[in-house]
Amino acid sequence: MTSGPPVEVRGLTKQYGDITAVDGVDLTVEAGDVFGYLGPNGAGKTTSMRMMLGLIRPTAGEVKLFGKDPQESISALTGVAGFVEAPRFYPYLDAKTNLELLAALDGDGANGRIPEVLDIVELTDRAKDKVGGYSHGMRQRLGIAASLLRKPKLLMLDEPATGLDPAGMRDMRLLIKRLASEGITVLLSSHLLAEVEDVCDRVAIIRKGKIAYQGQLSQLRKEAGLSYSLRTTDDTAARKVLDSFTAVTDVAASDDGTLRFHPADESAVAQLSGQLTAAGAMIIELAPRSATLEELFFELTEGES
Amino acid sequence: MKSPSTFTVYRWELRKLRAQKRTYLGIGAAILVPMAFTIAVALRPGEPRDVPFGRYIHQTGLAIPLVMLLFGSIWFFPLITALVAGDIVANEDQNGTMKTILTRSVERTQVFFGKVLAAFTYAFIAVVISAGFALVAGLFVSGYNPLTSLSGQVVSANEGLSLVGASVAVYMIPILAIASIALMLSTVTRNSAAAVVGTLMFSLILQLVVIIPGLGGLKPYLLSTQFNAWQGLLRTPIDWDPIIRAAWVSSAYAIPALLIALVVFLRRDVTGG
Ligand SMILES: Nc1ncnc2c1ncn2[C@@H]1O[C@H](COP(=O)(O)OP(=O)(O)O)[C@@H](O)[C@H]1O
Ligand SMILES: [Mg+2]
């Protein structure tokens with residue numbers, strides 16, 4: 001019935017007048033992935049996910065979900081569920097009726113799963129309350145419940161933890177982990193790396209509509225490890241050396257005077273130590289450090305210093 | 001896997017209407033206005049002699065729903081119709097639920113026609129309720145007596161009753177065209193207030209067009225004129241011409257409006273919510 005990976009996006013572009021919200025994005029999510037789609041606010045995450053769900057038309061490029069184009073037929077969303085931005089419901093209907101409505105639009109016996117999905121998101125007690133009176137966190141959970149009605153093989157969640165309190169965030173993470181462990185492929189967007197770090201195995205980083213990095217999270221960690229820190233007796237001289245040395249990039253100073261940089265390779269580090277000594281900056285500390293993913297993420301998304 | 005039918009969408013559209021205040025506002029007005037009108041008839045000695053059947057309102061209750069249909073066509077029934085038809089698409093935008101329903105297993109076309117049918121159903125029910133209350137209140141005030149047709153013949157009360165029923169049915173033709181225009185404005189503007197007001201303005205402007213010198217010849221082709229088509233039923237023999245014209249003139253308004261709405265609905269980006 002299905003062929004192709006859960007998500008295959010090629011050259012996806014969306015133009016709003018002068019703004020190119022999404023600019024030639026290529027993305028592949030394989031079955032079983034818990035895929036983190038990372039980028040700062042305004043990077044184009046939501047816009048690309050709207051295109052993936054068939055809500056907006058790409059200016060160029062295409063989306064295939066299990067080999068099917070959501071622009072062509074709603075049947076491309078068979079086995080696919082999720083939401084973009086905050087999930088929205090009819091405020092004048094209670095949660096259960098909202099789910100009944102959506103289940104009716106799903107067909108396929110979705111109605112019978114309502115008690116189960118309400119239970120999963122712990123809203124059974126509040127099922128008879130109008131959604132208009134729900135808190136943000138409850139709506140977020142109801143959004144997950146509404147997605148689970150479809151028995152998804154692919155779940156797309158756009159910043160599901162945004163606006164939740166710490167406990168809510170933790171619950172959301174646990175829920176996503178649990179769903180992933182049940183074999184559901186998950187595409188999860190976030191503007192915070194920390195939010196997806198312990199959930200995701202693969203990530204794409206989007207910046208100004210373009211993919212800046214795509215691959216294993218472990219590979220990203222390895223790249224992050226290539227950063228060095230340096231302390232010397234003469235910070236100014238050391239900085240001058242670093243700035244003029246071409247085998248070193250991304251030089252930055254932290255508050256305590258420690259310098260950070262990316263060497264091209266280990267021999268560049270060895271060469272550097274000689275040059276520093278020659279310049280009169282005696283080395284106190286020169287050590288490889290595993291930069292936090294935050295830093296790397298920041299570098300990838302905010303550009304070079 | 002079996003996909004849900006358009007009928008399912010339609011049923012749930014009706015279910016949503018049942019849960020919204022706006023629906024009851026319309027139905028409430030559909031009940032109260034004929035009641036107030038009938039009470040005024042009962043309390044005041046005179047009658048509106050310048051409108052068809054106006055002179056008979058004290059003789060037979062059958063005349064009261066007919067006079068209601070005449071007065072109501074100016075803005076009352078278009079307003080009640082537009083109240084729901086102008087909102088039914090736009091409220092999904094305003095609630096941000098468009099994305100919610102368009103990411104399930106129904107095609108956009110199905111969602112659209114489910115909404116069209118629901119808006120039509122509501123307009124039908126509202127007009128029937130309104131005419132029904134006018135009739136019952138009218139019978140109470142002026143009695144179940146024979147009716148004088150527009151050709152001057154007296155028809156029995158029973159026959160008159162079926163003619164009133166048939167008149168309401170013919171009245172639905174332009175009502176559904178008004179609903180279609182409201183649906184178009186609802187889809188295009190994504191704003192229910194704009195759609196309701198726009199529909200009302202449209203229907204009022206049409207009525208003014210004929211006053212402009214030289215444009216009087218347009219009258220038979222204006223949507224507003226079709227609200228009088230039912231009067232053909234109250235002639236002996238029945239004059240079918242205005243009814244047939246109402247059918248095609250109203251279609252000429254409704255079908256393009258629905259087509260435009262459908263195309264916009266199918267092609268639009270769902271960016272809100
Ligand atoms: N409907 C729209 N009209 C115009 N610009 C838009 C629209 N939606 C998004 N944008 C712009 O596209 C860019 C990407 O937005 P978005 O996809 O929401 O980013 P993210 O979800 O990563 O925060 C932003 O610059 C935003 O202002
Ligand atoms: Mg976003």
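By convention here, each chain's residues receive numbers from 1 onward along its written sequence. Whichever chain is written first becomes A and whichever ligand is written first becomes 1, with later ones labelled in order. Given that the model is predicted, a residue must reach a pLDDT of at least 70 before its local features are reported, and side-chain atom pairs must reach 80 or more before they are shown or counted; all residues, however, enter totals for whole chains, interfaces and linings. Excluding hydrogens and water, the side-chain values take into account all heavy atoms of the structure.

**Considerations on the overall build of chain A**
Here is the rule we go by: Numbered from the N terminus, helices here are DSSP runs of H or I no shorter than four residues, and strands are runs of E no shorter than two. Burial here depends on accessible area, computed with a 1.4 Å probe over protein chains only, as a share of the maximum for the residue type. Under 20% is buried, over 50% is exposed, and the range in between is partly exposed. Contacts are assigned to residue pairs that have any heavy atoms within 4.5 Å of one another. Only the protein chains shown count as cover for residues, and all accessible areas are computed by the Shrake-Rupley method using a 1.4 Å probe.
Tallying secondary structure elements over chain A gives ten helices and 13 strands in all. With the C-alpha coordinates of chain A rotated into their principal frame, the extents come out at 75 × 40 × 35 Å. Within chain A, the fraction of its 305 residues that count as buried is 50%. Counting contacts in chain A only where the partners sit at least 6 residues apart, residues at least 24 apart contribute 68% of the total. Summing over all exposed atoms, chain A offers an accessible surface of approximately 13,200 Å²; the carbon and sulfur share of this is 50%.

**Quick look at the interface of chain A and chain B**
Where we set the bar: Once two parts are brought into contact, the accessible area they lose, counted with a 1.4 Å probe and summed over both, makes up the buried area. By convention in these notes, a salt bridge is any Lys or Arg side-chain nitrogen within 4 Å of a carboxyl oxygen on Asp or Glu. In protein, a polar contact requires one atom able to donate a hydrogen and another able to accept it; more generally it is a pair of N or O atoms within 3.5 Å, and residues adjacent in sequence count only if both atoms are side-chain atoms. In this classification, Asp, Glu, Lys and Arg are treated as charged, Ala, Val, Leu, Ile, Met, Phe, Trp, Tyr, Cys and Pro as nonpolar, and every other residue, Gly included, as polar.
Listed as interface residues are 35 residues of chain A and, on the opposing side, 33 residues of chain B. With both sides pooled, the region where chain A packs onto chain B buries about 3,000 Å², and carbon together with sulfur makes up 55% of that total. Run the count over chain A and chain B and you get two salt bridges. The closest approach of N and O atoms between Asp106(A) and Arg104(B), which form a salt bridge, is 2.6 Å. Linking chain A to chain B there are 23 residue pairs in polar contact (both at pLDDT 80 or more). Counting residues per element, the ones that place at least two in the side of chain A that touches chain B are β1 (7–16) and α2 (95–106) of chain A. It is α2(A) that provides the largest number of residues to the side of chain A that touches chain B, a total of seven residues. Across the side of chain A that touches chain B, the residue classes tally to 20 nonpolar, six polar and nine charged.

**A short note on the site of ligand 1**
The condition that has to hold: To be near a molecule or strand, a residue needs just one of its heavy atoms within 4 Å of it.
Around ligand 1 sit Tyr16(A), Ala21(A), Pro40(A), Asn41(A), Gly42(A), Ala43(A), Gly44(A), Lys45(A), Thr46(A), Thr47(A) and Thr271(B), and that is every residue in its neighbourhood. More than one chain reaches ligand 1: the nearby residues come from chains A and B. Residue Gly42(A) places a main-chain N or O atom 2.6 Å away from an oxygen atom belonging to ligand 1. One of the side-chain nitrogen or oxygen atoms of Thr46(A) is found 2.7 Å away from an oxygen atom of ligand 1. For ligand 1, the accessible surface in isolation is 560 Å², of which the surrounding protein chains cover 65%. Counting residues per element, the shell around ligand 1 draws most heavily on helix α1 (residues 45–52) of chain A, which supplies three residues. Of the residues that constitute the shell around ligand 1, the class distribution is four nonpolar, six polar and one charged.

**A few points about the domain arrangement of chain A**
How we decide: Just so you know, the domain bounds were taken from an automatic or database domain assignment.
On domain assignment, one finds that chain A holds domain 1 (7–221) and domain 2 (227–289). Of note, the centres of domain 1 of chain A and domain 2 of chain A, computed from C-alpha atoms alone, are 43 Å apart.

**Looking at the packing of aromatic side chains**
This is how the line gets drawn: Pairing of aromatic side chains here covers Phe, Tyr and the six-membered ring of Trp, requires ring centres within 6.5 Å, and sorts the geometry by plane angle: under 30 degrees stacked, over 60 edge-to-face, intermediate tilted. Consider the ring centre and the ring normal. A charge sits over the ring if Lys NZ or Arg CZ is within 6 Å of that centre and within 35 degrees of that normal.
Evaluation of the coordinates by the stated rule reveals 13 aromatic pairs over all chains. Considering the side-chain rings of Phe53(B) and Trp230(B), the 6.1 Å spacing of their centres and the 25° angle between planes classify their relative orientation as stacked. Of this pair, Phe53(B) sits in the loop between α2 (21–43) and α3 (63–72) while Trp230(B) sits in the loop between α9 (192–209) and α10 (241–267), placing them 177 residues apart in sequence. Assessed through its relative accessible area of 2%, Phe53(B) is described here as buried. What makes Trp230(B) buried here is its relative accessible area of 0%. Within the aromatic cluster, the residues linked to one another by ring pairs are Trp75(B), Phe76(B), Phe77(B), Tyr171(B) and Phe227(B). The cationic tip of Lys153(A) hangs over the ring face of Phe66(A); the distance from NZ or CZ to the ring centre is 5.1 Å.

**What about the UniProt feature "transmembrane region" (unreviewed entry) in chain B?**
Residue and element names in this part refer to chain B. The cut-off we apply is this: UniProt positions are given in the numbering used here, feature names are shortened, and annotations may be inferred rather than shown by experiment.
Taking the UniProt record as the reference, the feature "transmembrane region" (unreviewed entry) is found at residues 24–43, 63–90, 111–141, 161–185, 192–215 and 243–266. Along residues 63–90 one finds 75% helix and 0% strand; the C-alpha atoms at either end are 38 Å apart. A helix fraction of 100% and a strand fraction of 0% characterise residues 111–141, whose end C-alpha atoms lie 45 Å from each other.

**Description of the side chain of Asp33(A)**
Residue and element names in this part refer to chain A. Assignment of secondary structure puts Asp33 in the loop between β2 (19–29) and β3 (34–38). Given a relative accessible area of 9%, Asp33 falls into the buried group. Looking at Asp33, its side chain comes within polar contact range of the main-chain nitrogen of Glu30, at 2.9 Å. Apart from the residues within four sequence positions on either side, Asp33 is in contact with Ile184, Thr185, Val186, Asp201 and Arg202.

**Observations concerning a nonpolar patch on the surface**
Our working definition: Surface patches are defined over residues having more than 30% relative accessible area and no salt bridge, joining like charges when they lie within 9 Å and nonpolar side chains (Val, Leu, Ile, Met, Phe, Trp, Tyr) when within 5 Å.
A cluster of nonpolar side chains, Tyr221(B), Ile238(B), Trp240(B), Ile244(B) and Trp248(B), forms an exposed patch at the surface whose accessible area comes to about 550 Å². Tracing the backbone shows Ile244(B) in helix α10.

**A short note on the sheet that holds strand β6 (residues 154–158) of chain A**
Residue and element names in this part refer to chain A. The cut-off we apply is this: If DSSP finds at least two bridges between two strands, the strands pair. Each axis is a line fitted through C-alpha atoms, taken for helices only over the stretch in contact, and angles between the N-to-C directions span 0 to 180 degrees.
As summarised here, the arrangement of the six strands in space is β5-β6-β7-β3-β8-β9, forming an open sheet in which the pairing is mixed. Single-partner strands in this sheet number two, and they are β5 (80–83) and β9 (210–216). Adjacent strand axes in the sheet meet at a mean angle of 15°, parallel and antiparallel pairs treated alike. As defined by bridge partners, β3 adjoins strand β7 (residues 185–190) across five bridges and the pair is classed as parallel. Bridge pairing links Leu38 to Ser190 in β7. Sheet contacts for helix α4 (residues 136–148): β5 and β6; angle to β5, the most-contacted strand, approximately 170°. Those strands touched by helix α5 (residues 166–181) are β3, β6 and β7, and its axis lies near 155° from that of β7.

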